[in-house]
Amino acid sequence: MPQHTPHARIISEAARSALGPLGMTQWGRTRMWVDDQQWRLGLVEFEADGLTRGCCLMVGVMWLWSSRDEFRFDLGRRLERFVSFRNKSQFEREAQRLAHRAAEAIVEQRAKYSSVVNALMATTDAVSRSTDIGALFDAAVAAGLCGQVEMAAQLFAKAAEAPQHTSRDRALAADAPLLAKDLADAAVFRLAVEHRVIESRRQLRLPPLNLSLAFTNSEDAPVG
């Protein structure tokens, strides 16, 4: 939702100062900032809390291999509790503090998820704590890209059979067996995942991506 209030402008200015130098962009006039890493996004949100003036800080990652038309924290956490707006000078200091904390977290996140090997470790850890269909699907894709065919096949099978509560759940459940069929050929599987990344980018209105560059940041992964 666009933000026009004075405290929202303070947040935007602080974020622009801290996140802009990292190459991050504000999504429209929202409180969401995007770190575009080709096949994944780093997300920073200065979350509102109903009608209360102020914000808290959420930082996380979004995998782009499952088509979608909205931003979503696939992995993430709230780094700072809600900070209320009391007066302009007080909130300017707090907004700057939160923005710099967000910048530090994004730099750490870039290193943490620098390859699909890292993504596999993160997504399988998520699966160990959740049976959510999205977590299963993400781990299956990462495993497939890392050449872990048997693991990927098992995870895709679980994703296809997992409870479906939303339209996204149904879409992932339907897509899982399609990707599972491509696991036998690493190049075909990689191409299928890259097409899904490109489609997600299109739906999210992100800049077009050269197909051959989709996994440049993961060249150290044992794909195939």
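Now for a look at the structure at hand. (Residues numbered from 1 in each chain as written. Predicted model: local features only at pLDDT ≥ 70, side-chain atom pairs only at ≥ 80, totals over all residues. Heavy atoms only, no water.)

### A look at the overall build of the chain
In step 1: On a plain count of helices and strands, the chain comes out with seven helices and five strands.
In step 2: Along the chain direction, N to C, the helices and strands of the chain fall in the order α-β-β-β-β-β-α-α-α-α-α-α.
In step 3: Against the globule reference of 17 Å for 224 residues, the chain gives a C-alpha radius of gyration of 19 Å, in line with a compact fold.
In step 4: The principal-axis extent of the C-alpha atoms belonging to the chain is close to 60 × 35 × 30 Å.
In step 5: In the chain, buried positions account for 48% of the 224 residues.
In step 6: Here the chain displays about 11,300 Å² of accessible surface, and carbon together with sulfur accounts for 51% of that area.
In step 7: Of note, the chain has its 28 positive side-chain charges centred 7 Å away from the centre of its 27 negative side-chain charges. (Helix = DSSP H or I, 4+ residues; strand = E, 2+ residues; numbered from the N terminus. Rg over C-alpha atoms; globule rule 2.2 N^0.38 Å. Buried < 20%, exposed > 50% of the residue type's maximum accessible area, 1.4 Å probe, protein only. Areas by Shrake-Rupley, 256 points an atom, 1.4 Å probe, with all protein chains shown as cover. Lys, Arg positive; Asp, Glu negative; His and termini not counted. Charge placed at Lys NZ, Arg CZ, Asp CG, Glu CD.)

### Here's the deal with the layout of surface pockets
In step 1: Looking at the largest pocket, its volume works out to about 570 Å³.
In step 2: In terms of lining residues, the largest pocket is bounded by 28 residues, among which Leu75, Gly76, Arg77, Lys112 and Tyr113 are the most central.
In step 3: Elements with a contribution of two residues or more to the lining of the largest pocket: strand S4 (52-63), strand S5 (75-84), helix H2 (88-112), helix H3 (116-129) and helix H4 (133-145). (1 Å grid on protein atoms, 1.4 Å probe; cavity = no way out; pocket = protein on both sides within 12 Å on 5 of 7 lines; lining within 4 Å. Points joined across faces, edges and corners; volume = space filled by probe spheres on them.)

### Re the pairing of strand S2 (residues 32-36)
In step 1: For S2, the buried fraction is high: four of the five residues fall into the buried class.
In step 2: Here two bridges tie strand S1 (residues 25-26) to S2, and the two strands are oriented antiparallel to one another. Across the sheet, threonine 25 pairs through a bridge with valine 34, a residue of S2.
In step 3: Hairpin connection of S1 to S2: five residues between the antiparallel strands, including glycine 28 at a positive phi of 60°.
In step 4: Two elements, S2 and strand S3 (residues 40-49), share five bridges in a ladder whose sense is antiparallel. Paired with tryptophan 33 across the strands is valine 44, a residue of S3. (Pairing = 2+ DSSP bridges.)

### As for H2
In step 1: For H2, with 25 residues, the first-to-last C-alpha span of 36 Å sits near the 36 Å given by 1.5 Å per residue.
In step 2: Within H2, the full set of buried residues consists of Gln90, Phe91, Ala95, Leu98, Ala99, Ala102, Ala103, Ala105, Ile106 and Gln109.
In step 3: Buried residues along H2 sit against helix H1 (6-19), S2, S3, S4 and S5. (Expected span 1.5 Å × (residues − 1). Contact = heavy atoms within 4.5 Å.)

### Thoughts on the packing of aromatic side chains
In step 1: Summed over the entire model, instances satisfying the criterion amount to eight aromatic pairs.
In step 2: On the basis of an interplanar angle of 15° and a centroid distance of 5.7 Å, the ring pair of tryptophan 39 and tryptophan 65 is categorised as stacked. Highlighted residues: tryptophan 39 in the loop between S2 and S3 and tryptophan 65 in the loop between S4 and S5, separated in sequence by 26 residues. Across the pair, exposure class does not vary: tryptophan 39 and tryptophan 65 are buried alike.
In step 3: In textbook terms, an aromatic cluster arises when at least three aromatic residues are bridged by ring pairs, as seen for Trp39, Trp63, Trp65 and Tyr113.
In step 4: For arginine 40, the ring lying beneath its charged end belongs to tryptophan 39, and the centroid distance is 5.0 Å. (Phe/Tyr/Trp six-rings, centres within 6.5 Å; stacked < 30°, edge-to-face > 60°. Lys NZ or Arg CZ within 6 Å of the ring centre and 35° of its normal.)

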